[in-house]
Amino acid sequence: MRSFNILSNYVLLLSILVGMTLSGLVGYSFYQNETLAIELDFKRDVDDKAAALERELLINLEVLYAVKGLFDSSDNVTEIEFKKLASSFLVRHQNIQALEWIPRVSDDERETFEALKRQKYPDFEFTEREFQGSMVKAAKRSEYFPVYYVEPLEGNEVAVGFDLASNPKRETIIDKSRDLDLSLATASITLVQEVSNQKGFLVFMPTYEGTPTTLVKRREKLRGFVLGVYRIGDMFETAIKYTDVQGINLKLIDNTAIKAEELYINFSPEQVQDNTQLHLTYSKPLRRFGGRQWTLVTSPTLGYIAERRSLVPFLISALGMLFVLLGACYIYAITRRSSLISIEVEDRTKALNEASLALEELSYTDSLTSIANRRRFDQQLSKEWQRAIRGNTRLSLIVIDIDNFKLFNDQYGHLAGEQCLIDVSKALSCTTSRNTDLVARYGGEEFVILLPNTNESALLADKCRMNIEKLRIPHEPSSVSEFVTISIGAISTFPTLNCDPIAFTAKADRLLYQAKELGKNRVCVEDLPISKTGDVIDFKAPQK
Ligand SMILES: Nc1nc2c(ncn2[C@@H]2O[C@H](COP(=O)(O)OP(=O)(O)OP(=O)(O)O)[C@@H](O)[C@H]2O)c(=O)[nH]1
């Protein structure tokens, strides 16, 4: 029972572990699904922002087309006309830092262009940036691309007159844009008019006299460029402010060159360390714009994830575990209860068995003397009789009767009579020495002693007689002695199948009466040695 309980406890413990693990796994799988959903959400949000940025870039290009239209429609666009048109766009596109007209000026025309502009701006001259960074008069070269019209002027004064061809990188773009008749954007640059550390870029849109179709014609007919000046951060923020999703760390990268260049970043590197789910980084390449390939590299912040996380996976795990624990407690309670019931049943069965054994023992015991009763004697006689037959061994029987016991009762009363019976039974029990000997009360004042496998029954019978005499229980009215005495009939034989234990007992009884008749306080013995074939071969005469 105990080992069963230990086993069932182990099984229960194992079930709890399995149940807990399964609950955890189910919760984890919900968590994973939620993570996938958040990832999809995140990519969709980034795609929205990328689309907004692409839209913004296209709109800005459209503005340049509109300004170019002005120059295509007139050979002589005045500064006022330019200003009027450009300012009307700038009101609606505030992320454009400036719109500019960059005429193509040959060295021969330089003086004329500078002189014309000086009418309004006395200090005007073509400029370039010195190695140390300050603006100086542009060196002589065959062709200049100065910033001639600027809108707005305010904040961009320093750019006025700046010869874009003075910078080799910009010159390359100028040439390429001219040759291909394409709007081209520069890589990120620091604008001459920039006061903060924000990066910018320029978009060149070429204008020609007429519509040249060949490279040579384009080079020949180039009039200049309509230029859009953009601060990347401003444009980026204007674009994405229409998508209200927060918590996305964005980085705009220019992948056009072999070495990628970071254009804009909306977070500090420390934030990335603490606050970003880097394993969810998602890169979204934008449509090519002005010959450049920009890519949005994004990652969600912890806040973004937290906003979209639910408690469902944790609740599922917790509830699962709770159910497992409750179930286990319930099963444990039932198992414990049933094991307690089993123990109780076991205890009661044991007690019942003990009680029934005690009862059985009682049913074989004489209530007055506490020695075996006649029932026990009959059973034992039958058993020993069979055993003696099987083993061909001797079995002896002594039958004892207290002399003149009626007179004893009459003289001393029944209570004294009963005490006498107790004393006699004790003395008889003490006289026998082997465990196999049985002393029993046969009835009334008569006792029997069954002695298996002995040839000294006559001796023992006489010893019994003497031991009772030695008790010296007064028996005044006795016809034999002044003390209590007993008469004995003793018989010994080798039991066979032809003989019967009842006849054997009757014979012993007869020997007892013989002893009584001969004067009491004596032993009458009859030894019946029986051959192995079962024949009676000898008798001895009764003796005192
Ligand atoms: N006190 C008491 N007396 C008992 C008990 N059993 C039997 N007796 C008495 O024992 C007496 C037996 O008397 P009898 O059978 O006439 O024999 P006796 O008086 O012993 O005479 P003999 O056998 O010839 O010596 C009866 O008076 C019974 O009442 C008992 O348990 N207690």
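Coordinates for the structure precede this section.
As the structure is a computational prediction, the values presented were derived from the model and not from experiment.

Asks: Honestly, the overall build of the protein chain in this entry has me stumped. Any pointers?
Replies: When helices and strands are tallied, the protein chain shows 14 helices and 18 strands. Out of the 544 residues in the protein chain, the part that is buried amounts to 45%. For the protein chain, contacts bridging at least 24 residues in sequence account for 67% of all contacts bridging at least 6. Summing over all exposed atoms, the protein chain offers an accessible surface of approximately 29,700 Å²; the carbon and sulfur share of this is 56%.

Asks: What exactly am I supposed to notice about the packing of aromatic side chains here?
Replies: Going through the model one piece at a time under the given rule, you end up with 21 aromatic pairs. Where Phe124 meets Phe126, the ring centres are 6.0 Å apart and the plane angle is 90°; that geometry is what we call edge-to-face. Note on Phe124: relative accessible area 5%, which makes it buried. Aromatic side chains Phe201 and Phe289 sit 6.2 Å apart centroid to centroid with 90° between the ring planes, which places their arrangement in the edge-to-face category. With Phe201 in strand β8 (residues 200-208) and Phe289 in the loop between β12 (282-285) and β13 (294-300), this residue pair connects regions lying 88 residues apart in the sequence. By the burial criterion, Phe201 is buried, and Phe289 matches it.

Asks: In this structure, what is going on with the layout of surface pockets? I would like to understand it.
Replies: Empty space among the atoms becomes apparent when a probe as large as a water molecule is rolled across them. As a volume, the largest pocket reaches approximately 660 Å³. Asn167, Lys169, Arg170, Ala187 and Ile189 are the residues nearest the centre of the largest pocket, which is lined by 26 residues in total. Mapped by element, the contributors of at least two residues to the lining of the largest pocket are β3 (127-129), α4 (168-180) and β7 (184-185). For the lining of the largest pocket, the element with the most residues is α4, which contributes five residues.

Asks: Even after reading the chapter, I still don't get the pattern of salt bridges, so can you show me in this structure?
Replies: Here the idea is simple: oppositely charged side chains can pair when their charged atoms come close. Enumeration over the complete set of coordinates arrives at 33 salt bridges. A salt bridge links Arg387 to Glu384; the shortest N-O distance between them is 3.1 Å. Of this pair, Arg387 and Glu384 are both found in helix α10 (residues 374-391), three residues apart, which corresponds to roughly one turn of the helix. According to the relative accessible area criterion, Arg387 is partly exposed, its value standing at 45%. The salt bridge involving Lys507 is made with Glu526; its shortest N-O contact spans 3.1 Å.

Asks: Help me out: how do you make sense of the environment of Lys507 in this one?
Replies: As for its placement among the helices and strands, Lys507 is situated in helix α14 (residues 501-517). A C-alpha to C-alpha distance of 9.8 Å links Lys507 and Leu397, two positions 110 residues apart in sequence. Setting aside chain neighbours within four positions, we find Lys507 in contact with Ile491 and Glu526.

Conventions adopted
- Residues numbered from 1 in each chain as written.
- Predicted model: local features only at pLDDT ≥ 70, side-chain atom pairs only at ≥ 80, totals over all residues.
- Heavy atoms only, no water.
- Helix = DSSP H or I, 4+ residues; strand = E, 2+ residues; numbered from the N terminus.
- Buried < 20%, exposed > 50% of the residue type's maximum accessible area, 1.4 Å probe, protein only.
- Contact = heavy atoms within 4.5 Å.
- Areas by Shrake-Rupley, 256 points an atom, 1.4 Å probe, with all protein chains shown as cover.
- Phe/Tyr/Trp six-rings, centres within 6.5 Å; stacked < 30°, edge-to-face > 60°.
- 1 Å grid on protein atoms, 1.4 Å probe; cavity = no way out; pocket = protein on both sides within 12 Å on 5 of 7 lines; lining within 4 Å.
- Points joined across faces, edges and corners; volume = space filled by probe spheres on them.
- Salt bridge = Lys/Arg side-chain N within 4 Å of Asp/Glu carboxyl O.

These figures capture arrangement, not role.
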